[in-house]
Amino acid sequence: MPQETDQKATQMLDASASGISRAAQLLRQGDLVSFPTETVYGLGADARRGDAVAAIYAAKGRPSFNPLIAHVASVEAAKRHVIWNPWAETLARAFWPGPLTLVLPLAPGHGISELVTAGLDTLAVRVPAHPTAQKLLAALDGPVAAPSANPSGRISPTTAQHVMAGLAGRIAAVVADGACGVGVESTIVGLTGEAPVLLRPGGLAAEEIEAVLGQPLATRDLHDPLTAPGQLLSHYAPQERVRLNATSARAGECYLGFGRYSGARACDLSLSTRGDLVEAAANLFGHLHHLDAQGQPIAVAPIPETGLGAAINDRLRRAAAPRDEPSPTPSK
Ligand code: TXA
Ligand code: MG
């Protein structure tokens, strides 16, 4: 059984060999460990242990069992759990390790807990590029289920400090290793139908995927409950109200700028003064955490919809969505 983490202090581990080995030992015994990936910090559990995966939901306060991503060390490791196909081969060769998650049919004898797949017959898999994530997966020699390491509905963490601020006392350990380079979650592509489908925009631009596939990605039908699990609209929400497409701040607001206008008050920040979407993605959650702590509403500049702008706008729309209202997409 996983230990009762509620009353326990969360250990801060570093990315040294002993830190990684301790983290792997904790995962092996069914405990929860947060670790850095190139996208965001994940909240990891051994994906083969239902008790450990259940503890993820408890620690995050997740209201429902959404399917989780299984992180693996290599293509070979992925093939132990899913049925591979030519699209997967093409995309994995081009983009793994990296910020791309592939949804594929579960393989016979996959060994993955039903709590990871939420009972679906498909699995989301990804090989993360972050060296510390790679080392941890190698040390465990098994799949790690990991959503972002934040309380349910709150901003995703891009530093160990963000993880501690949200989950200290509720998880066994955090492997601290700086800020995440990409800054938004992985792009998810479904490969279980007649054509590859973009299930979630993320840290790898859809245009890059389409260039490698040589065909456009289909987009998910928002009203199809089978292909849109757990996409609650208000999902990355800071405590403070968020106003989008604001060309300037109103009285009492902090401004989150992009490009030349980055605001003039002490609380104003820019996602990227040079208008670079990659830099903006890396700064997104950190800046939202910072502005949220100011205790004022946040006005956000318009962000182009191209490249990583699609993922940034997706997360911003969720942050700005009204709370406690029915989701426009079915939630499972
Ligand atoms: O960058 C990332 O992807 C981060 C880091 C930690 O790797 N992880 C992450 O996990 O964002 P999470 O649990 O927050 O997001 C998982 C998403 C959910 O939106 C879920 O609906 C989708 O993946 N998903 C998981 N399994 C699926 C499946 N079998 N079919 C369709 N969607 C699935
Ligand atoms: Mg998340």
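Residues numbered from 1 in each chain as written. Chains lettered and ligands numbered in written order. Predicted model: local features only at pLDDT ≥ 70, side-chain atom pairs only at ≥ 80, totals over all residues. Heavy atoms only, no water.

**What to know about the pattern of salt bridges**
Within this structure, the stated rule accounts for twelve salt bridges. For Asp46, the salt bridge identified is with Arg48, shortest N-O distance 2.9 Å. For Arg48, a relative accessible area of 39% translates into the label partly exposed. Note that Asp314 is salt-bridged to Arg318, the shortest N-O span being 3.1 Å. Here Asp314 pairs with Arg318, and both are found in helix α10 (residues 309-320), just four residues apart, close to one helical turn. Taken as a pair, Asp314 and Arg318 share a single burial class, namely buried. In the salt-bridge network here, residues are joined through shared partners; they are Glu185, Asp314, Arg315 and Arg318. (Salt bridge = Lys/Arg side-chain N within 4 Å of Asp/Glu carboxyl O. Buried < 20%, exposed > 50% of the residue type's maximum accessible area, 1.4 Å probe, protein only. Helix = DSSP H or I, 4+ residues; strand = E, 2+ residues; numbered from the N terminus.)

**With respect to the state of the cysteines**
Put plainly, a disulfide is one covalent bond tying together the sulfur atoms of two cysteines. For the structure on display, the rule yields one disulfide. The disulfide that involves Cys254 links it to Cys267, with 2.3 Å between the sulfurs. Classification of the bridge connecting Cys254 and Cys267 rests on its S-S torsion, roughly -115 degrees, and on that basis the disulfide is left-handed. With Cys254 in strand β13 (residues 254-257) and Cys267 in the loop between β13 and β14 (269-270), the pair connects residues that are 13 residues apart, well separated along the chain. (Disulfide = S-S within 2.5 Å.)

**Quick look at the sheet that holds strand β2 (residues 33-36)**
Taking strand neighbours across the sheet as the criterion, the eleven strands line up as β1-β8-β2-β3-β7-β4-β6-β5-β9-β10-β11 in an open arrangement whose pairing is mixed. Since the sheet does not close on itself, it has two edges, and those belong to β1 (11-14) and β11 (218-219), each with one partner. Direction of pairing for strand β4 (residues 69-71) relative to strand β6 (residues 122-126): parallel, over a ladder of three bridges. Paired with His71 across the bridge in β6 is Arg126. This element, helix α1 (residues 17-28), spans β1, β2, β3 (41-46), β7 (144-145) and β8 (173-176) of the sheet and lies at about 130 degrees to β1. Relative to the sheet, helix α2 (residues 50-60) contacts β3 and β7, its axis offset from that of β3 by approximately 145 degrees. (Pairing = 2+ DSSP bridges. Contact = heavy atoms within 4.5 Å. Axes fitted to C-alpha atoms, helices over the stretch in contact; angles between N-to-C directions.)

**Digging into the side chain of Asp292**
The residue Asp292 is located in helix α9 (residues 277-292) in this model. A relative accessible area of 11% places Asp292 in the buried class. When sequence neighbours within four positions are dropped, the list of residues in contact with Asp292 reads Arg154, Ile155, Pro238, Gln239, Glu240 and Ile298.

**Topic: the packing of helix α4 (residues 86-95) against helix α8 (residues 206-213)**
At a closest axis distance of 10 Å, the pairing of α4 and α8 adopts a crossing angle of 120 degrees. Of the possible angle classes, the one that applies to α4 and α8 is oblique. Of the two elements, α4 crosses α8, and the hand of that crossing is right-handed. Taking contact as the criterion, the partners of Trp87, Thr90, Leu91, Ala94 and Phe95 in α4 are, on α8, Glu208, Ile209, Val212 and Leu213. Taken together, the residues that form the contact of α4 with α8 break down as seven nonpolar, one polar and one charged. (Parallel < 35°, antiparallel > 145°, perpendicular 65-115°, else oblique. Left-handed = near helix turned anticlockwise from the far one by under 90°. Nonpolar A, V, L, I, M, F, W, Y, C, P; charged D, E, K, R; others polar.)

**Observations concerning α2**
Three or more residues of α2 are buried, namely Ala52, Val53, Ala55, Ile56, Tyr57, Ala59 and Lys60. Residues of α2 that are buried make contact with β3, α5 (114-117), β7 and α7 (160-167). Two residues or fewer after α2 comes Gly61, characterised by a positive phi angle close to 65 degrees.

**Focus: the confidence of the model for the chain**
The predicted coordinates of low-pLDDT regions are not to be read in fine detail. On average, residues of the chain score 90 in pLDDT, and 89% of them reach the 70 mark or higher. Counted against residues more than four places away or in other chains, residues 225-230, with its pLDDT under 50, gives 14 contacts. Here residues 325-332 is a poorly scored stretch, pLDDT under 50, and it has 20 contacts once near neighbours within four places are set aside; other chains count. (pLDDT = per-residue confidence, 0-100.)

**A few points about the sheet that holds β13**
Judged by pairing direction, the sheet is parallel, and its four strands sit side by side in the order β12-β15-β13-β14 without closing on themselves. What marks the edges here is a single partner per strand, and that holds for β12 (242-243) and β14. For β13 and strand β15 (residues 298-300), the ladder comprises three bridges, and the chain directions are parallel. Note on β15: the bridge partner recorded for Cys254 is Ile298.

**What to know about the environment of Ala282**
For Ala282, the position within the fold is in helix α9. Separated by ten residues in sequence, Ala282 and Ser272 place their C-alpha atoms 9.5 Å apart. In this structure, Ala282 is in contact with Gly181, Val182 and Gly183, ignoring residues within four places of it in sequence.

**Notes on α8**
Those residues of α8 not exposed but buried are Ala206, Ile209 and Leu213. Buried residues of α8, seen end-on, are gathered within an arc of 60 degrees and therefore sit on one face of the element. Residues of α8 that are buried in the fold lie against α4, β5 (100-105), β9 (187-190) and β10 (197-200). Just beyond α8, the residue with positive phi is Gly214, at close to 70 degrees. (Arc of directions from axis to C-beta.)

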